[in-house]
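# Survey of secondary and tertiary structure
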Amino acid sequence: MSRNIKLIIEYDGTGYAGWQRLRGRPSIQGEIERAILAVTKERVTVIGAGRTDAGVHALGQVANFSTTHRIAVDRIPGALNHHLPPAIRILEAAEVPVTFHARYDARRRVYRYAVLNRPAPSAILRHHAVHVPRPLDEQAMAQALARLIGTHPFTAFRATGSAERTTLCTMHQAQVARSGPMVLFTFEADRFLRHMVRLIVGTVLRVGEGKLPPDALAAILAAEDNSRAGPRAPAHGLFLVRVTY
């Protein structure tokens, strides 16, 4: 009898081509599928809740796969971690109904974007936070982000050439907070378009630097013109924090 296994995964996306398996390039999905093959001797497809881009990290990616292997579920994290590189770790595993689908059943996703806002760059955080040396106005950025709350077509904040059926998303949270030199942006929505967070951050950083007024994000959102948004913030500052069902 086939079992459906749900995984909670943490990974450092540095050096990976992203979540999705790609021929000839290292991916998070590919590494986990190889680890499952080593443990179960089964070739499976691991379904992720979000297809993070190259260089993007995760603190709580969710995935599922089907197996007929009878390994105890509490042994799965340790067994898979034994075969995974140090940059990828299975935090939890659970047996779930066969109908569970990590991507299609997700109700909300939370992403965080990290900015190091000080004159000098960091030797330690260079792969996990984007360095912005110029002072940032958090109050202006908070005012700009507040206008994104609600249900809107986020056409202006999606990658050029994207083929999503609809650009309508419901943004539940769009906040900025500072702790010393670290500026953290947090976004929670029912769905995200490709590069949506990175385009929003790239635009709101222009507000923080005084290059755009706080009401610019609302105007760009309403215009549904992605030529006015951005630039797209670098991938390495982005983290998938959690997925809720």
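Residues numbered from 1 in each chain as written. Predicted model: local features only at pLDDT ≥ 70, side-chain atom pairs only at ≥ 80, totals over all residues. Heavy atoms only, no water.

### So, the nonpolar core
Counting 75 residues, the largest nonpolar core has Ile-32, Phe-157 and Phe-185 as its most contacted members. No other element matches the eight residues that helix α4 (residues 196–208) contributes to this core. Ignoring anything within four residues of it in the chain, the contact list for Phe-157 reads Leu-148, Leu-193, Arg-194, His-195, Met-196, Leu-199, Ile-200, Thr-203, Leu-217, Ile-220, Leu-221 and Ala-229. (Core = buried A, V, L, I, M, F, W, Y, C linked by side-chain atoms within 4.5 Å. Buried < 20%, exposed > 50% of the residue type's maximum accessible area, 1.4 Å probe, protein only. Helix = DSSP H or I, 4+ residues; strand = E, 2+ residues; numbered from the N terminus. Contact = heavy atoms within 4.5 Å.)

### With respect to the pattern of salt bridges
Working definition: two side chains of opposite charge can pair if their charged atoms are close together. This model, assessed by the stated rule, comprises eight salt bridges. Of the charged contacts in the structure, one is a salt bridge between Arg-3 and Glu-95, with a shortest N-O distance of 3.1 Å. With Arg-3 in strand β1 (residues 3–11) and Glu-95 in strand β4 (residues 88–96), the pair connects residues that are 92 residues apart, well separated along the chain. Judged by relative accessible area, which is 5%, Arg-3 ranks as buried. Classification of Glu-95 as partly exposed rests on a relative accessible area of 45%. (Salt bridge = Lys/Arg side-chain N within 4 Å of Asp/Glu carboxyl O.)

### Considerations on the side chain of Gln-61
For Gln-61, the position within the fold is in strand β3 (residues 57–67). Judged by its relative accessible area of 0%, Gln-61 is buried. Polar contacts involving the side chain of Gln-61 include one to the main-chain amide nitrogen of Ala-49, which spans 3.4 Å. In contact with Gln-61, not counting residues within four places along its chain, are Leu-7, Ile-8, Ile-9, Tyr-11, Trp-19, Gly-48, Ala-49, Gly-50 and Leu-240. (Polar contact = N/O pair within 3.5 Å; in protein donor to acceptor, adjacent residues only side chain to side chain.)

### Describing empty space enclosed by the protein
Summed over all chains, the structure comprises one cavity of 30 Å³ or more. Counted as a void, the largest cavity has a volume near 60 Å³. Around the largest cavity, the lining residues are Ile-36, Val-39, Thr-40, Phe-65, Thr-67, Ile-71, Ile-76, Ala-79 and Leu-80. Broken down by secondary-structure element, the contributors of at least two residues to the lining of the largest cavity are α1 (28–40), β3 and α2 (76–83). Here the lining of the largest cavity is built from residues that sort into seven nonpolar, two polar and no charged. (1 Å grid on protein atoms, 1.4 Å probe; cavity = no way out; pocket = protein on both sides within 12 Å on 5 of 7 lines; lining within 4 Å. Points joined across faces, edges and corners; volume = space filled by probe spheres on them. Nonpolar A, V, L, I, M, F, W, Y, C, P; charged D, E, K, R; others polar.)

As far as function goes, none of this settles anything; it's purely spatial.
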